Amino acid sequence: MEKIIPHKNHNHISSKEQELFLPTLNGLLISKHSSTKEAQYHFSNDTLEVLVNQFILQDRKIRIVCVGTPRIHEKIIATKLRKRTRVESILLDIDLRLRPIYDSCSSTWGTFCHYNMFNHFFFRETEQHDYFNFFKGDEDVIIVTDPPFGGKCELIGRTLNAIKEDISKQRNIKTRVDFMWIFPY
């Protein structure tokens with residue numbers, strides 16, 4: 001048995017292995033709220049219930065692009081595992097802490113792209129490839145974003161249009177693309 005050596009200024013928590021792949025949903029990663037570059041807000045559980053169950057999951061086969069919304073992505077994954085829904089989700093996010101967590105579990109592997117929403121930039125080509133592969137199929141798509149407070153709407157609007165264009169380029173059929181933009185103002 002290993003002896004745990006306490007560290008100063010570190011918070012210690014215990015968790016079950018199956019909780020690790022949903023780090024924001026299970027409170028394992030706290031939001032970065034003091035950084036102006038990566039300021040985050042994680043939705044409450046009540047808000048998640050309304051957003052996901054009332055607006056996103058409607059008993060249809062659909063693909064969700066979560067841009068800067070890790071808790072929505074994780075709620076969709078958790079719901080999919082529990083109810084066996086036909087919903088697929090991918091997360092485009094600047095928070096690099098999420099990559100090793102999502103990439104370590106088979107149910108979340110390939111669902112995270114380290115991404116800058118202000119210039120539609122992927123930090124890894126392999127993750128950009130996962131992003132383009134995500135659009136194969138004929139399902140409707142919902143793009144969900146919750147940009148940081150003070151983010152330029154023009155830049156985010158261009159990015160959302162670029163994602164919509166990427167979907168059209170990947171598919172030869174007309175695809176319905178809906179947007180859910182949660183304003184932090």
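Residues numbered from 1 in each chain as written. Predicted model: local features only at pLDDT ≥ 70, side-chain atom pairs only at ≥ 80, totals over all residues. Heavy atoms only, no water.

Concerning the nonpolar core
It is characteristic of soluble globular proteins that their nonpolar side chains tend to be buried jointly.
And step 1. Membership of the largest hydrophobic core comes to 20 residues, with the highest contact counts inside it found for Ile 56, Ile 64, Ile 72, Ile 76, Val 144 and Ile 182.
And step 2. Elements that contribute at least two residues to this core include exactly α1 (45-56), β1 (62-67), α2 (70-83), β2 (87-93), α3 (98-103) and β5 (140-145).
And step 3. With four residues, α1 is the single largest residue contributor to this core.
And step 4. Among the nonpolar cores identified, the runner-up in size contains 18 residues, and Ile 90, Tyr 131, Ile 143 and Ile 156 belong to it. (Core = buried A, V, L, I, M, F, W, Y, C linked by side-chain atoms within 4.5 Å. Buried < 20%, exposed > 50% of the residue type's maximum accessible area, 1.4 Å probe, protein only. Helix = DSSP H or I, 4+ residues; strand = E, 2+ residues; numbered from the N terminus.)

A look at the pattern of salt bridges
And step 1. Applying the stated rule across the entire model yields six salt bridges.
And step 2. We note a salt bridge from Glu 139 to Lys 61, for which the minimum N-O separation is 3.6 Å. Of the two residues, Glu 139 sits in the loop between α4 (125-134) and β5 while Lys 61 sits in the loop between α1 and β1, which places them 78 residues apart along the sequence.
And step 3. For Lys 61, a relative accessible area of 43% puts it in the partly exposed group.
And step 4. Residue Asp 178 pairs with Arg 176 through a salt bridge whose shortest N-O separation is 3.0 Å.
And step 5. Counted as one network, the salt bridges with shared partners bring together Lys 61, Arg 63, Glu 139 and Arg 171. (Salt bridge = Lys/Arg side-chain N within 4 Å of Asp/Glu carboxyl O.)

Observations concerning the packing of aromatic side chains
And step 1. With the rule as written, the count across this model stands at seven aromatic pairs.
And step 2. Between Tyr 131 and Phe 132 the ring centres are 5.1 Å apart and the planes differ by 65 degrees, which places this aromatic pair in the edge-to-face class.
And step 3. Geometrically, the ring pair formed by Tyr 131 and Phe 135 is edge-to-face, given 4.9 Å between the ring centres and 85 degrees between the ring planes. Phe 135 matches Tyr 131 in its accessibility class, with the two residues each being buried.
And step 4. Among the aromatic residues, those joined into a ring-pair cluster are Tyr 115, Phe 122, Tyr 131, Phe 132, Phe 134 and Phe 135.
And step 5. Sitting over the face of the ring of Phe 134, Arg 63 holds its NZ or CZ atom 5.1 Å from the ring centroid. (Phe/Tyr/Trp six-rings, centres within 6.5 Å; stacked < 30°, edge-to-face > 60°. Lys NZ or Arg CZ within 6 Å of the ring centre and 35° of its normal.)

Some words on the sheet that holds β1
And step 1. Here six strands make up an open sheet; going across it, the order is β4-β3-β2-β1-β5-β6 and the pairing mixed. Across the chains shown, the open sheet's two edge strands, defined by having one partner strand only, are β4 (121-122) and β6 (177-181).
And step 2. Relative to β4, strand β3 (residues 112-116) runs antiparallel, the two sharing two bridges. By the bridge assignment for β4, Asn 116 is matched with Phe 121.
And step 3. Across the face of the sheet, α2 comes into contact with β1, β2 and β5 while running at roughly 155 degrees to β2.
And step 4. Lying on the sheet, α4 is in contact with β1, β2, β3 and β4; it crosses β2 at an angle near 150 degrees. (Pairing = 2+ DSSP bridges. Contact = heavy atoms within 4.5 Å. Axes fitted to C-alpha atoms, helices over the stretch in contact; angles between N-to-C directions.)

Considering the packing of α1 against α2
And step 1. It is at 10 Å that the axes of α1 and α2 come closest, and there the two elements cross at 65 degrees. In this structure, the crossing between α1 and α2 has a hand that is right-handed. Residues Asn 45, Leu 48, Glu 49, Leu 51, Val 52 and Ile 56 of α1 form the contact with α2, whose participating residues are Arg 71, Ile 72, Lys 75 and Ile 76.
And step 2. Partitioning the contact of α1 with α2 into residue classes produces six nonpolar, one polar and three charged. (Left-handed = near helix turned anticlockwise from the far one by under 90°. Nonpolar A, V, L, I, M, F, W, Y, C, P; charged D, E, K, R; others polar.)

Concerning α2
And step 1. With 14 residues, α2 should cover 20 Å at 1.5 Å per step; its first-to-last C-alpha distance of 20 Å lies within 8% of that length.
And step 2. Across the 14 residues that make up α2, a large majority, ten, are buried.
And step 3. Within α2, the full set of buried residues consists of Pro 70, Arg 71, Ile 72, His 73, Glu 74, Lys 75, Ile 76, Ile 77, Ala 78 and Thr 79.
And step 4. Contacts made by the buried residues of α2 are with α1, β1, β2, α3 and β5.
And step 5. Directly after α2, the chain includes Arg 84, whose backbone phi takes a positive value near 60 degrees. (Expected span 1.5 Å × (residues − 1).)

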